[in-house]
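# Observations on the three-dimensional arrangement
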Amino acid sequence: MLSINIQKNLQAFMLDVHFNVKSEIAVLFGPSGSGKTTVLNCIAGLTHPNVGQITLNQRDFFPKKGKPVPAAKRHIGYVFQDYALFPHMTVKKNIQYGLKDHHLMDRLTDMMGIDHLLDKYPHQISGGEKQRAALARALVTKPDALLLDEPFSSLDHETKTECQNELLELHKLWQIPVLLVTHDKEEASILGDRLLRIDKGKLVT
């Protein structure tokens, strides 16, 4: 289980959230600038809260005493909104970054239908193909949790539907906590087992 109880001073407001994510897809839903991405970045270790606690499967990432656990040691998959693929690496090299299991890589690339793209570079593939590559890269590390920051926002409707279906199938396979950020109501209803509404840094009912 992923447990978040954090406070962080932002420019316009105080981020103050407390929630848990079990082996489910929880959707963090709200308008732009409401603190959604900051929550993901705190969980991933890319930034730190001012105070609070973040735990995953009883591992304390932000202890009250001592240094926070570095991002690379949190075993969390993160798919960024812009995919953040390394432009100088082929799709294969991108996915192999942090690879733990070659058989798993073959399984994921086959499942996502990107085997034929492995020797191409990010600028040579479409947005949907980049999304699949980014998701494969996140999952091939065998993460204990998965963070998704509006990964489908730039896709056309058909590609978005395909990628959403793939995410649901992968979650059935992995059964790990997934936290998906979106401001798309339709996407939230399709993917979310549970909806967490956030506005100006606080969860609302």
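Keep in mind that what you see is a predicted model, and the values were worked out from it rather than measured.

Tallied over the full model, the rule gives 6 salt bridges. Of the charged contacts in the structure, one is a salt bridge between Arg132 and Glu166, with a shortest N-O distance of 3.2 Å. Of this pair, Arg132 sits in helix α4 (residues 127-139) while Glu166 sits in helix α5 (residues 157-174), and the two are 34 residues apart along the sequence. With relative accessibility at 15%, the residue Glu166 sits in the buried group. Put simply, Arg132, Glu162 and Glu166 are held in one network by salt bridges that share partners.

All chains considered together, the criterion is met by 2 aromatic pairs. Ring geometry for Tyr78 versus Phe80: centroids 4.1 Å apart, planes at 15°, classification stacked. Tyr78 gets classed as buried once you look at its relative accessible area, which sits at 11%. Their ring planes at 65° and their centres at 5.0 Å tell us that Phe86 and Tyr97 sit as a pair that is edge-to-face. With Phe86 in the loop between β6 (76-79) and α2 (91-96) and Tyr97 in the loop between α2 and α3 (102-111), this residue pair connects regions lying 11 residues apart in the sequence. Lying over the aromatic face of Phe86, Arg137 brings its terminal NZ or CZ to 5.3 Å of the ring centre.

Criteria and thresholds
Residues numbered from 1 in each chain as written. Predicted model: local features only at pLDDT ≥ 70, side-chain atom pairs only at ≥ 80, totals over all residues. Heavy atoms only, no water. Salt bridge = Lys/Arg side-chain N within 4 Å of Asp/Glu carboxyl O. Helix = DSSP H or I, 4+ residues; strand = E, 2+ residues; numbered from the N terminus. Buried < 20%, exposed > 50% of the residue type's maximum accessible area, 1.4 Å probe, protein only. Phe/Tyr/Trp six-rings, centres within 6.5 Å; stacked < 30°, edge-to-face > 60°. Lys NZ or Arg CZ within 6 Å of the ring centre and 35° of its normal.

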